[in-house]
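If you want the building blocks of each chain, they are given just below.
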Amino acid sequence: MKRDGTLESLWQKTTPEFNSKNNNWNDKLFDVVIVGGGITGVTTALLLQQQGKQCLIAESFNIGFGTTSGTTAHLNTLLDTPYSIIEKNFGEDGAKLVAKGAKEAINIVEILSSKYKINNDFSYQYATLFAQNEDENKELKKIFEATIKAGVEGRWTDKIPVPADFTIAAEFAGQAQMHPTRYIAALAQAFEAAGGVIVQNCKVTDVKDGEILNINTTQGVITANNLVWATHLPPGINLFNFRCAPYRSYAAAFKLADGTYPAGLAYDMKDPYHYYRSQTIDGEKYLIAGGYDHKTGHNENTGFAFTELDAHIHNLYKGSKISAKWSSQYYESVDGLPYIGLMPGSDNVYAATGYGGNGMTYGTLAARIVTDLITTKYSIYKDIFSPSRMKPIAGLSNFIKENADAISSFIGKRLNYESIEQLAELAPGEARVTEFNGEKMALYKDDNGKVHAFDPVCPHAKCIVNWNTAEKTWDCPCHGGRYSCMGQLITGPATKGLERITIYE
Ligand SMILES: Cc1cc2nc3c(=O)[nH]c(=O)nc-3n(C[C@H](O)[C@H](O)[C@H](O)COP(=O)(O)OP(=O)(O)OC[C@H]3O[C@@H](n4cnc5c(N)ncnc54)[C@H](O)[C@@H]3O)c2cc1C
């Protein structure tokens, strides 16, 4: 299975390419077109099709191309946004509703895994959160109290699953784990078996509003009564750009010399925190660990995060060896909860985004919510996750500032090879944004030594992209637009690639 990065995740290595069997849409009017074939899109499509709706999934590349192939697939009711914060922003009842939704989502994954006999190793687990100093103790006590109040079952414990020093620890029941891409590939199969249509290599480029939506794609126009943006972030310039910030996180699968793979899910309290769990695939065991998150495009040396992760795990488990490493992107919302529901101002276009590091849970919950909204116009979660909510909370001004570092730039598009001195400094496979005659330029030297030049201005909102050394992509620090080394659009809110600059030999 291919994904939006150069490094190969453990999930990709162990999931074959999905081949669509039912990809002919024959000028049909669909009840719902779902854009995006990650966990959100595939689950939404299946639930809607099961409810008798005629659905089509349009996917730019292939099923599992996005972050669902780069996840670590913890399924949590213990969420990244602590319940103390959710309670502060949305009240006690709001926190309880969010916990209920997360529990329902995990239950959906359990039911679908069992119904379709999916080889995804779904299992319930305890999640342990551990503190390592006095400040973290205080924070953990606060989180524990709010989590229990929200309705998640938990208790204090004197054991943690990983061999790290700790001061206090709490464990929470009802968490889970699975193999994410085998799961969505099986759901996609079930969707087709139920009469659903999947069109891969089909990018949605534009949608003409109306009671009947005309959806322009790279494979022609599709018509539908409803559309769901299950693209992780809806494309184009829209309000989500100011409410969701892109982050990159790093993960790796390790083989442990002494075979002491941890039982359960575990997290420390650092910022960003480390996360750990085990996974068995076809009889092989792995420790999956990750962390080192940072805002997309704000770290020059993305490869160093893996050195740190490797060293961190080596400290805990002598003789550990990496067998796969990868990084991927997620979107953090301004008030800590995702946006799921009707796009503001529309009555037939839906979106689901801003999941943070809980998109396995929230993507599944989004499928439940959007299915209910389309089939009954009602969901108990409609208001709390509504994209139209706007909370005047303290973080908002900082958040907007963080996202407002857009600058505009223009560079001449015709350059002489000889005159670009910096080219000599690039090794094959390397890239960099550099300055030439006072203008910025993105340069990439391919493995044959040929240099390719691009306008580094992200076509989405005019920020300057940065090179991601590990995944070999150009990443935009503002809203998460990502481009291949050759400037083609891979993912994010942009709708086209980087402009190429002609270099004369
Ligand atoms: C390293 C890392 C670890 C994580 N770990 C966890 C975890 O343990 N637990 C958890 O709950 N969450 C985790 N997350 C978050 C979670 O993986 C994501 O939130 C989730 O996978 C998002 O799924 P999605 O279906 O919404 O988006 P994606 O999986 O990104 O799918 C979106 C799809 O839309 C397609 N697309 C985009 N634009 C278009 C278009 N115009 N036309 C057609 N198709 C389009 C893309 O090609 C892509 O395939 C992690 C994230 C990262 C980065």
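By convention here, each chain's residues receive numbers from 1 onward along its written sequence. For this predicted model, a pLDDT threshold of at least 70 governs which residues receive local features, and a threshold of 80 or more governs which side-chain atom pairs are given and counted, while totals over whole chains, interfaces and linings are taken from all residues. Each side-chain value is worked out from all heavy atoms of the structure, with water and hydrogens disregarded.

Bringing empty space enclosed by the protein into the picture now. Residues are called lining when one of their atoms sits within 4 Å of a cavity or pocket point, these points coming from a 1 Å grid over the protein atoms alone, where a cavity is a set in which a 1.4 Å probe fits but cannot get out and a pocket is an open set with protein on both sides within 12 Å along at least five of seven lines. Grid points are joined across faces, edges and corners, and a volume is the space filled by probe spheres set on the points. By the definition in use, this model includes 3 cavities of 30 Å³ or more. Roughly 50 Å³ of internal volume is contained in the largest cavity. What lines the largest cavity is a set of 13 residues, among which T81, E332, G336, Y355 and G356 lie closest to the centre. At 3 residues, the largest contribution of residues to the lining of the largest cavity is made by strand β15 (residues 321–333). As a working rule, the residues Ala, Val, Leu, Ile, Met, Phe, Trp, Tyr, Cys and Pro are called nonpolar, Asp, Glu, Lys and Arg charged, and the rest polar, with Gly in that last group. The class makeup of the residues in the lining of the largest cavity is 4 nonpolar, 7 polar and 2 charged. Each helix corresponds to a stretch of at least 4 residues labelled H or I by DSSP, and each strand to a stretch of at least 2 residues labelled E; elements are numbered beginning at the N terminus.

Residue count minus one, scaled by 1.5 Å, sets the expected span of a helix. Under the 1.5 Å per step criterion, the end-to-end length of helix α2 (residues 39–50) is 16 Å for 12 residues, consistent within 8% with the ideal 16 Å. Relative accessible area decides the class of each residue, using a 1.4 Å probe on protein chains only: under 20% of the type maximum gives buried, over 50% gives exposed, and in between gives partly exposed. Burial analysis of α2 places 11 of its 12 residues in the buried class, which makes it a mostly covered element. Taken together, the buried positions of α2 are occupied by I39, T40, G41, V42, T43, T44, A45, L46, L47, L48 and Q49. Backbone geometry just downstream of α2 places G52 in the positive-phi region, at approximately 90 degrees.

The split of the chain into domains comes from an automatic or database domain assignment. Examined at the domain level, the chain breaks down into domain 1 (10–71 + 181–241 + 336–399), domain 2 (122–176 + 242–329) and domain 3 (414–504). With centres defined by C-alpha atoms, the gap from domain 1 to domain 2 works out at 28 Å. The contact definition used throughout considers only heavy atoms, calling two residues in contact when any of these lie within 4.5 Å. Listed per partner, the contact involves 21 residues of domain 1 and 16 residues of domain 2. Buried area between domain 1 and domain 2, summed over both chains or domains, comes out near 1,600 Å², and the portion from carbon and sulfur atoms is 61%. By salt bridge we mean one thing: a side-chain nitrogen of Lys or Arg within 4 Å of a carboxyl oxygen of Asp or Glu. At the junction of domain 1 and domain 2, the tally comes to 1 salt bridge. By buried area we mean the combined loss of accessible area, with a 1.4 Å probe, across both parts when two parts are placed together.

Here we come to the packing of α2 against helix α7 (residues 359–376). Running from N to C, α2 and α7 cross one another at 35 degrees; their axes reach a closest spacing of 8 Å. Note on packing geometry: the crossing formed by α2 with α7 is right-handed. Listed contacts from α7 to I39, T40, T43, T44, L47 and L48 of α2 are G359, M360, G363, T364, A366, A367, R368, V370, T371, I374 and T375. Looking at the contact of α2 with α7 residue by residue, the classes come out as 8 nonpolar, 8 polar and 1 charged. Here an angle of 0 to 180 degrees is reported between the N-to-C directions of two axes, which are lines fitted to C-alpha atoms, with helices fitted over the stretch in contact. By the definition used in this description, the sense in which the near helix is turned from the far one sets the handedness, with an anticlockwise turn below a right angle giving left-handed and a clockwise turn giving right-handed.

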